[in-house]
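What follows is each chain in one-letter form.
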Amino acid sequence: SAVISQKPSRDICQRGTSLTIQCQVDSQVTMMFWYRQQPGQSLTLIATANQGSEATYESGFVIDKFPISRPNLTFSTLTVSNMSPEDSSIYLCSVLSDGSYEQYFGPGTRLTVT
Amino acid sequence: QKEVEQDPGPLSVPEGAIVSLNCTYSNSAFQYFMWYRQYSRKGPELLMYTYSSGNKEDGRFTAQVDKSSKYISLFIRDSQPSDSATYLCASRARVGGSYIPTFGRGTSLIVHP
């Protein structure tokens, strides 16, 4: 299994500002994902971030709004830019284990935009 | 129609009951099936991971996949209040090596003492 930590665990931000969420994994993994989860809703994939290549964004998500960095095999960041109240959500980092292809999630970052 | 359908519940059962959680999927290419448990204000935790049809047991948990009917089940025996959580099913196919799963909405389970 993989142990994933995220920072911050929660934040309250003002409209128009940006927040960078950090994701750290205790082992090297090729594939990392960023998800968003609205209350009572399922997981929505924002983008896939593989080390050494540009992030691949899902429909409805763009790099200018959600820039992602993946500098090495154990770390990634997601920035939520120019935030609006609609960005209030839980943001989850996830990794795919290179050996078993099992997918693991971090504890999430609870973001509230006022 | 969503690719993975799951009744959101809530499902309320007494302690000790056998719980049955179910999902249906529509994509015949799905080969891998997962169940996650998510406690309030926590990230999803992988419970079961199965390939193709059949049963897989782990302690009080049994995952069952019927590919002919596209039906996924998770059974919890001797349910405990600590099992109270949201359970998400997920399925995926290997499409171009992406391994990206599709998640259900999750079923909220409440086990009362």
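Our structure's up above, just so we're on the same page.
Residues numbered from 1 in each chain as written. Chains lettered and ligands numbered in written order. Predicted model: local features only at pLDDT ≥ 70, side-chain atom pairs only at ≥ 80, totals over all residues. Heavy atoms only, no water.

Undergrad: For this particular structure, what's the right way to read the layout of surface pockets?
TA: To find leftover empty space, a probe the size of one water molecule is rolled over the atoms. By volume, the largest pocket is sized at about 490 Å³. Elements supplying a minimum of two residues to the lining of the largest pocket: β2 (10-13), β9 (89-96) and β11 (109-113) of chain A together with β9 (85-92) of chain B. When its residues are assigned to classes, the lining of the largest pocket shows 7 nonpolar, 12 polar and 6 charged. When its volume is computed, the second largest pocket comes out at roughly 360 Å³. Forming the walls of the second largest pocket are 17 residues, and the residues nearest its centre are Leu 43, Thr 44 and Leu 45 of chain A together with Thr 102 and Phe 103 of chain B. For the lining of the second largest pocket, the element with the highest residue contribution is strand β5 (residues 43-50) of chain A, accounting for 3 residues. (1 Å grid on protein atoms, 1.4 Å probe; cavity = no way out; pocket = protein on both sides within 12 Å on 5 of 7 lines; lining within 4 Å. Points joined across faces, edges and corners; volume = space filled by probe spheres on them. Helix = DSSP H or I, 4+ residues; strand = E, 2+ residues; numbered from the N terminus. Nonpolar A, V, L, I, M, F, W, Y, C, P; charged D, E, K, R; others polar.)

Undergrad: Looking at this structure, how should I read the state of the cysteines?
TA: Disulfides are covalent bonds that connect the sulfur atoms of two cysteines. Residue and element names in this part refer to chain A. Under the defined criterion, the tally for this structure stands at 2 disulfides over all chains. Each sulfur of the disulfide joining Cys 23 and Cys 93 lies 1.9 Å from the other. With the S-S dihedral at roughly -65°, the linkage between Cys 23 and Cys 93 falls on the left-handed side. In this pair, Cys 23 is assigned in strand β3 (residues 19-25) and Cys 93 in strand β9, connecting sequence segments 70 residues apart. (Disulfide = S-S within 2.5 Å.)

Undergrad: In this structure, what is going on with the sheet that holds strand β7 (residues 61-66) of chain B? I would like to understand it.
TA: Strands pair in a sheet through their backbones, by hydrogen bonds, and they do so in one of two ways: parallel or antiparallel. All names here are of chain B. Read from one edge to the other, the open sheet built from 5 strands follows the order β1-β3-β8-β7-β6, with strand pairing classed as antiparallel. Since the sheet does not close on itself, it has two edges, and those belong to β1 (4-6) and β6 (54-58), each with one partner. This sheet shows a mean twist of 20° between the axes of neighbouring strands, independent of strand direction. The pairing of β7 with strand β8 (residues 71-76) spans 6 bridges and is classified as antiparallel. (Pairing = 2+ DSSP bridges. Axes fitted to C-alpha atoms, helices over the stretch in contact; angles between N-to-C directions.)

Undergrad: I would appreciate a short explanation of the sheet that holds strand β1 (residues 4-7) of chain A in the present structure.
TA: All names here are of chain A. Strands sit in the order β1-β3-β8-β7 across an open sheet of 4 strands; the sheet is antiparallel. Edge positions in the sheet fall to β1 and β7 (68-72), since each of these pairs with one other strand and no more. Strand-to-strand twist of the sheet, defined as the mean angle between neighbouring strand axes without regard to direction, takes the value 15°. Pairing between β1 and β3: 4 bridges, direction antiparallel. From the neighbouring strand, Lys 7 faces β3, where its bridge partner is Gln 22.

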